[in-house]
Amino acid sequence: MDGKSNEITAIPELINLLDLEGHILSFGAMGCQKNMARKLDMTHADYLQARKADYGALHKQAEEIFH
């Protein structure tokens, strides 16, 4: 990593370094990027991602599932 890093750039690099299979990870809104979900799917880890109302249709689908 270079000197300019943030959660969006650091998480994918961290995912590459860790053996996450069989572990559960959780992310706030900043960690809910499509590329992170794809990368986590490839590790066979389970994960939770926060979804706020400004996620539009995806947030609405999640609400419908849990109601």
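Look up: the structure comes first, before these words.
Keep in mind that this is a model prediction, so the values were computed, not measured.

1. Observations regarding unusual backbone geometry
Then comes step 1: The backbone phi angle of His-44 is positive, close to 65°, even though this residue is not glycine.
Then comes step 2: Counting through the fold element by element, His-44 comes out in the loop between helix 2 (34-43) and strand 2 (46-49).
Then comes step 3: For His-44, a relative accessible area of 56% corresponds to the exposed category.

2. Some points on the environment of Gly-31
Then comes step 1: Mapping Gly-31 onto the fold places it in the loop between strand 1 (24-27) and helix 2.
Then comes step 2: What makes Gly-31 buried here is its relative accessible area of 0%.
Then comes step 3: Separated by 18 residues in sequence, Gly-31 and Gln-49 have C-alpha atoms that sit 7.3 Å apart.

3. Points about the nonpolar core
As a rule of thumb, soluble globular proteins bury nonpolar side chains together.
Then comes step 1: Counting residues in hydrophobic clusters, the biggest one holds eight residues: Ile-11, Ile-15, Leu-20, Leu-25, Phe-27, Met-36, Leu-40 and Ala-45.
Then comes step 2: Counting only elements with at least two residues in this core, the list comes to helix 1 (7-17), strand 1 and helix 2.
Then comes step 3: Beyond its immediate sequence surroundings of up to four residues, Ala-45 is in contact with Leu-20, Glu-21, His-23, Leu-25 and Leu-40.

4. A short note on the packing of helix 1 against helix 2
Then comes step 1: Packing of helix 1 against helix 2 brings their axes to within 10 Å, and their N-to-C directions diverge by 10°. Taken together, the axis directions place helix 1 and helix 2 in an arrangement best described as roughly parallel. Between helix 1 and helix 2, the contacting residues are Glu-7, Ile-8, Ile-11, Pro-12, Ile-15 and Asn-16 on the first element and Asn-35, Met-36, Lys-39, Leu-40 and Thr-43 on the second.
Then comes step 2: Looking at the contact of helix 1 with helix 2, its residues break down into six nonpolar, three polar and two charged.

5. A look at the side chain of Thr-43
Then comes step 1: Looking at the element boundaries, Thr-43 is found in helix 2.
Then comes step 2: Only 3.2 Å separates the side chain of Thr-43 from the backbone nitrogen of Ala-45, close enough to count as a polar contact.

Calculation rules
- Residues numbered from 1 in each chain as written.
- Predicted model: local features only at pLDDT ≥ 70, side-chain atom pairs only at ≥ 80, totals over all residues.
- Heavy atoms only, no water.
- Helix = DSSP H or I, 4+ residues; strand = E, 2+ residues; numbered from the N terminus.
- Buried < 20%, exposed > 50% of the residue type's maximum accessible area, 1.4 Å probe, protein only.
- Core = buried A, V, L, I, M, F, W, Y, C linked by side-chain atoms within 4.5 Å.
- Contact = heavy atoms within 4.5 Å.
- Axes fitted to C-alpha atoms, helices over the stretch in contact; angles between N-to-C directions.
- Parallel < 35°, antiparallel > 145°, perpendicular 65-115°, else oblique.
- Nonpolar A, V, L, I, M, F, W, Y, C, P; charged D, E, K, R; others polar.
- Polar contact = N/O pair within 3.5 Å; in protein donor to acceptor, adjacent residues only side chain to side chain.

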